[in-house]
Each structure stands twice: as C-alpha cells, then as structure tokens.
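Fold and geometry: a report
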Amino acid sequence: MVSVGGNAYSVPDATRSRLVEVHSLADEVRIFENGELIAVHPVLEGRKQRRVAPDHRRSVTSHRARPQTGDGGVTLHGAGDKVLQRSLAFYDAVATAMARETRR
C-alpha cells in the first residue's frame with residue numbers, strides 16, 4: 001500500500017521495490033516502480049480510506065462487505081470514524097488515578 005493524502009492505495013503483490021514514485025493528479029494517483037507504471041487509482045475523497053485494485057492481490061477476501069467502485073476496485077473506509085464523547089472530568093479522574101498508582 002502507498003499512502004497519499006491520508007488515504008492508502010494498493011500496489012501489485014509482485015512489487016519488489018520499497019521505493020516507488022507517486023504522481024498525484026487532480027483525478028487519479030499513478031504509481032511507478034523503476035519508471036514503469038504499476039498502478040492507477042481514482043483519488044479518494046476524505047481521509048483514512050483504502051483502495052485495493054482487484055488485480056493487485058492474489059486473493060482479496062474479507063468478512064465484511066466491500067463497496068465496489070465503478071472500475072472494479074474496492075474502497076475501504078477507515079474504522080474508528082465514530083468516537084465516544086466523554087467529559088474532560090473523566091480524563092482528569094483517569095489521570096489522577098494513574099498518578100496515584102505510579103507513586104506507590
């Protein structure tokens with residue numbers, strides 16, 4: 001996977017180099033290895049998303065449903081988008097309790 005703009009884009013399993021060149025255009029991300037184009041992805045909107053091109057993985061399986069894009073790619077939305085809201089008093093109480101434990 002290659003991280004671009006807070007999102008992750010797949011490269012083929014056969015990619016040998018850990019150093020690739022990325023061209024980020026307005027509507028697509030192009031990934032090159034040793035000057036050869038190895039992947040093209042549409043730009044994902046937002047952040048914390050993953051896009052896996054089906055031909056980049058030998059077997060792409062998951063227990064959860066994956067939304068398909070128009071070109072056969074798979075876009076995964078990041079987990080943890082919902083955060084439990086707590087008052088600052090809660091965190092103050094946790095910090096106070098932890099400070100007491102470390103003094104013992």
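As a reminder, the structure under discussion sits directly above these lines.
Computed from a predicted model, the values in this text were never measured in an experiment.

A few words on unusual backbone geometry. At Asn 34, a position not held by glycine, the phi torsion is positive, near 55°. Take Asn 34: it is sitting in the loop between strand E4 (28-33) and strand E5 (36-42). What makes Asn 34 exposed here is its relative accessible area of 75%. With a phi angle near 60°, Lys 48 is a residue other than glycine that sits in the positive phi range. Along the chain, the position of Lys 48 falls in the loop between E5 and strand E6 (49-52).

This part takes up the environment of Arg 30. Within the secondary structure layout, Arg 30 lies in strand E4. Sequence separation of Arg 30 and Pro 42 is 12 residues, and the distance between their C-alpha atoms is 8.9 Å. When residues no more than four places from it in sequence are discounted, the contact partners of Arg 30 are Glu 21, Val 22, His 23, Leu 25, Leu 37, Ala 39 and Val 40. A distance of 2.6 Å separates a polar atom in the side chain of Arg 30 from a polar atom in the side chain of Glu 28.

All told, the structure shown has one aromatic pair when counted by the stated rule. Plain terms: the ring middles of Phe 90 and Tyr 91 are 5.2 Å apart, the flat faces sit at 85° to each other, and that makes the pair edge-to-face. Residue Phe 90 is classed as partly exposed on the basis of its relative accessible area, which comes to 37%.

Attention now goes to the nonpolar core. By size, the foremost hydrophobic cluster in this structure holds nine residues: Val 2, Val 4, Tyr 9, Val 11, Val 29, Ile 31, Ile 38, Ala 39 and Leu 44. At the level of elements, strand E1 (2-4), E4 and E5 are the ones that each hand at least two residues to this core.

As a further point, take the pattern of salt bridges. Evaluation of the coordinates by the stated rule reveals two salt bridges. Here Asp 13 and Arg 57 are joined by a salt bridge, their closest N and O atoms 3.2 Å apart. Here Asp 13, found in the loop between strand E2 (7-9) and strand E3 (21-24), pairs with Arg 57, found in the loop between E6 and strand E7 (74-77); they are 44 residues apart in sequence, far enough to count as distant. You can call Asp 13 partly exposed: its relative accessible area is 33%.

Cut-offs applied
- Each chain carries its own residue numbering, running from 1 in the written order of its sequence.
- Where local features are concerned, this predicted model is filtered to residues with pLDDT of at least 70; where side-chain atom pairs are given and counted, the filter is 80 or more; whole-chain, interface and lining totals use all residues.
- As a rule here, side-chain values cover all heavy atoms of the structure and leave hydrogens and water aside.
- Strands here mean DSSP runs of E at least two residues long; helices mean DSSP runs of H or I at least four residues long; both are numbered from the N terminus.
- Exposure is judged per residue with a 1.4 Å probe applied to protein chains only, and the accessible area is read against the type maximum: over 50% gives exposed, under 20% gives buried, and values in between give partly exposed.
- Whether two residues are in contact is decided by their heavy atoms, any of which lying within 4.5 Å being enough.
- For this analysis, a polar contact is any N or O atom pair within 3.5 Å, provided that within protein one partner can donate a hydrogen and the other can accept it, and provided that sequence-adjacent residues contribute only side-chain to side-chain pairs.
- Centres within 6.5 Å make a pair out of two Phe, Tyr or Trp rings, where for Trp the six-membered ring is used; the pair is then stacked when the planes are under 30 degrees apart, edge-to-face when over 60, and tilted otherwise.
- Nonpolar cores were defined as sets of buried Ala, Val, Leu, Ile, Met, Phe, Trp, Tyr and Cys residues, with membership established by side-chain atoms within 4.5 Å.
- Whenever Lys or Arg places a side-chain nitrogen within 4 Å of a carboxyl oxygen from Asp or Glu, that contact is recorded as a salt bridge.

What is shown is where atoms sit, not what they do.
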